[in-house]
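Breakdown of the fold
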Amino acid sequence: DDFMDTPTWRSCAGYLERAGSILGDEKEGWKIGAMTAEDDELASDMMMATMGKAGKMKSGIMSGAGGAMAAMSTEEKLINPNTGEVETEDQRMERLRLEREAKMSEEELKTIRVPGSLSLFLSRLDEEYNKSLQRISPHSIDYVVRLQDETKLRELLGIYQKYYQRVDSASDAAMLAELRVEHMYYRHDSIVKAVAEAQDTSAADGDTAKDMTDLCTYIYQHGTDRQKTRAMLCHIYHHALHDRFLEARDLLLMSHLQETIPIAGDIATMILFNRTMVTLGLAAFRLGNIWDSHQCLSDICSGRVRELLAQGVSTGRFSDKSPEQEKAEKRRQIPYHQHINLDLLEACHLISAMFLEVPNMASPGDNDRRGRVLSRTFRKYHDMYDRQVFTGPPEQTRDFVMTATKALLKGDWKKCADLLKSLECWDLVPGDNGAEEIKTMLVEKIKQTGLRTYLLAFSAQYDSLSLSQLCEMFD
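Just so you know, these numbers come straight off a predicted model, no measurement behind them.

Okay, the nonpolar core next. Phe285, Ile351, Met354, Leu420 and Trp426 are the most contacted members of the largest nonpolar core, which has 79 residues in total. With 12 residues, helix H19 (residues 342–362) is the largest single contributor of residues to this core. Residues within four places of Leu420 in sequence aside, it is in contact with Ile351, Met354, Phe400, Val401, Ala404, Trp426, Leu442 and Ile446. Core analysis: the second largest hydrophobic core is formed by 24 residues, Trp9, Tyr163, Ala173 and Leu176 among them.

Packing of helix H12 (residues 225–241) against helix H13 (residues 245–255) leaves a shortest axis separation of 8 Å and a crossing angle of 155°. Here H13 runs roughly antiparallel to H12, going by the angle between their axes. Crossing geometry of H12 relative to H13 is assigned as left-handed. Across the interface between the two elements, Met232, His235, Ile236, His239 and Ala240 from H12 touch Glu247, Ala248, Leu251, Leu252 and Ser255 from H13.

For the rest of this paragraph, the subject is the packing of helix H9 (residues 170–182) against helix H11 (residues 208–222). Packing of H9 against H11 brings their axes to within 9 Å, and their N-to-C directions diverge by 140°. Here H9 is positioned oblique relative to H11, judged by the angle of their axes. Between H9 and H11 lies a crossing of left-handed hand. On the side of H9, the interface is formed by Ala170, Ser171, Ala173, Ala174, Ala177, Glu178, Arg180 and Val181, while H11 contributes Met212, Leu215, Cys216, Tyr218, Ile219 and His222. Residue composition of the contact of H9 with H11, by class: 10 nonpolar, 2 polar and 2 charged.

Right, let's get into a nonpolar patch on the surface. A contiguous nonpolar patch, built from Ile141, Val144 and Val145 and spanning about 260 Å² of accessible area, is present on the exposed surface. With respect to the element layout, Val145 can be found in helix H7 (residues 141–147). Since its relative accessible area comes to 33%, Val145 is described here as partly exposed.

Time to look at the side chain of Gln333. Take Gln333: it is sitting in the loop between helix H18 (323–331) and H19. When its relative accessible area of 15% is taken as the criterion, Gln333 is described as buried. At 2.8 Å, the side chain of Gln333 forms a polar contact with the backbone nitrogen of Gly312. Not counting residues within four places of it along the chain, the set of residues in contact with Gln333 comprises Gln134, Ala310, Gln311, Gly312 and Val313.

Following the criterion strictly, the structure yields 5 aromatic pairs and no others. On the basis of an interplanar angle of 80° and a centroid distance of 4.9 Å, the ring pair of Tyr185 and Tyr237 is categorised as edge-to-face. Of the two residues, Tyr185 is situated in the loop between H9 and helix H10 (189–199) and Tyr237 in helix H12; the sequence distance between them amounts to 52 residues. The buried category is assigned to Tyr237, whose relative accessible area is 5%. In textbook terms, an aromatic cluster arises when at least three aromatic residues are bridged by ring pairs, as seen for Tyr185, Tyr186 and Tyr237. The cationic tip of Arg146 hangs over the ring face of Trp9; the distance from NZ or CZ to the ring centre is 4.7 Å. Over the ring of Tyr381 we find Arg398; its NZ or CZ atom is 3.9 Å from the centre of that ring.

Scanning the entire structure with this criterion turns up 0 disulfides. Between Cys234, a cysteine without a disulfide, and Cys216, which holds the nearest cysteine sulfur, the sulfur-to-sulfur distance is 6.9 Å.

A word on a negative patch on the surface. A contiguous patch of negative charge on the surface is contributed by Glu424, Asp427, Asp432, Glu436 and Glu437. Position of Glu437 among the secondary structure elements: in helix H24 (residues 434–458). For Glu437, a relative accessible area of 52% gives the class exposed.

Criteria and cut-off values
- Residues numbered from 1 in each chain as written.
- Predicted model: local features only at pLDDT ≥ 70, side-chain atom pairs only at ≥ 80, totals over all residues.
- Heavy atoms only, no water.
- Core = buried A, V, L, I, M, F, W, Y, C linked by side-chain atoms within 4.5 Å.
- Buried < 20%, exposed > 50% of the residue type's maximum accessible area, 1.4 Å probe, protein only.
- Helix = DSSP H or I, 4+ residues; strand = E, 2+ residues; numbered from the N terminus.
- Contact = heavy atoms within 4.5 Å.
- Axes fitted to C-alpha atoms, helices over the stretch in contact; angles between N-to-C directions.
- Parallel < 35°, antiparallel > 145°, perpendicular 65-115°, else oblique.
- Left-handed = near helix turned anticlockwise from the far one by under 90°.
- Nonpolar A, V, L, I, M, F, W, Y, C, P; charged D, E, K, R; others polar.
- Patch = residues over 30% accessible without salt bridge, like charges linked within 9 Å, V, L, I, M, F, W, Y side chains within 5 Å.
- Areas by Shrake-Rupley, 256 points an atom, 1.4 Å probe, with all protein chains shown as cover.
- Salt bridge = Lys/Arg side-chain N within 4 Å of Asp/Glu carboxyl O.
- Polar contact = N/O pair within 3.5 Å; in protein donor to acceptor, adjacent residues only side chain to side chain.
- Phe/Tyr/Trp six-rings, centres within 6.5 Å; stacked < 30°, edge-to-face > 60°.
- Lys NZ or Arg CZ within 6 Å of the ring centre and 35° of its normal.
- Disulfide = S-S within 2.5 Å.
- Lys, Arg positive; Asp, Glu negative; His and termini not counted.
- Charge placed at Lys NZ, Arg CZ, Asp CG, Glu CD.

Here you go:
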């Protein structure tokens, strides 16, 4: 699909910014109003008069100089009914405008009548911005330059949201608030601070959690059902991104979104729900809540992750999608800078499954725990790894986790910890010292799982165990 080029987009944004500076002045009290029937009639008369005058001049010029003079002389004379004097077409239109304004009240004089809807125009501007990000190569400098326009777009949405709140248009204000939320929810505070310092703006000192709460609360009060749902998902995502897992989990459970989303029929909202659940699982993993993390990640990571998160399109030879379906799927793609890293996602999912499955797999054959399968995906990958005749050094994330699992099953928890700590994806964890904190958590969880595995696997070989010896084995 075509999209608005960058110079045209910036020109439109500049005009809207100028209009917003006028409408944002509460002392002057200017407002935007819809065109009335009288306004349409006056505009139509002015257009017809202008077109008629231009047509006469054109026909006169085409017939020569004499024809032009004749056209000017035969121009219909207009008489001012108030003074009885002759007036031109422009003077007549100006007189009608002044007479109309004389009948207006003070509030009507402060209302500028324009065709169309300003809020829908802003929504379209936001849509064109997202389409441009989808079409520009994310690895080019053009993409980075284009991202700078997002700050101007957020400022525009904030200006006009305040204007609509001033004129008591709650529905339009809620729509713009929802667009603002969708440009804020995926940004970590550390990124916001770094970008604000680079641009020398005052946003570095702002409280993003409070801003998100205020915007979402306004949408909950005045928005439509779809806007409320998307605002709730964005709010949960923002909490989870900043490791506020309990607040995010409580919002999700109280809203019952997991029950209503599958029957909503809105694919864009389903994608946002998938992204929210994945971020919630990553937050639980960072905090060491392994069971919660696995529950959040298992459904998404067991299937086509790229498609469920709208971070890629499947292009297999045997795809049964029509060209229209492929185009619709490409339109729903998330811009690259909002992507969730799939290596980090796979690592968290498989490691959380490893902590849950390894004690079950190490249990004796007659134990009921061995028959319990908590993660079919992890068991499938582990069986495939076991059936390999030759296994080289690990290269991908899955290989690292499977090799670490094999070491943990043998009781070599130190090798398991070294393998998992060497994953490069931990450097992508947001926040200060995020990578070091997650590595420390992994070592502690590996020790605990290693001890449980050792006791389950070899408890039948011992009559008694020395606590001091176990402490020495697992530090």
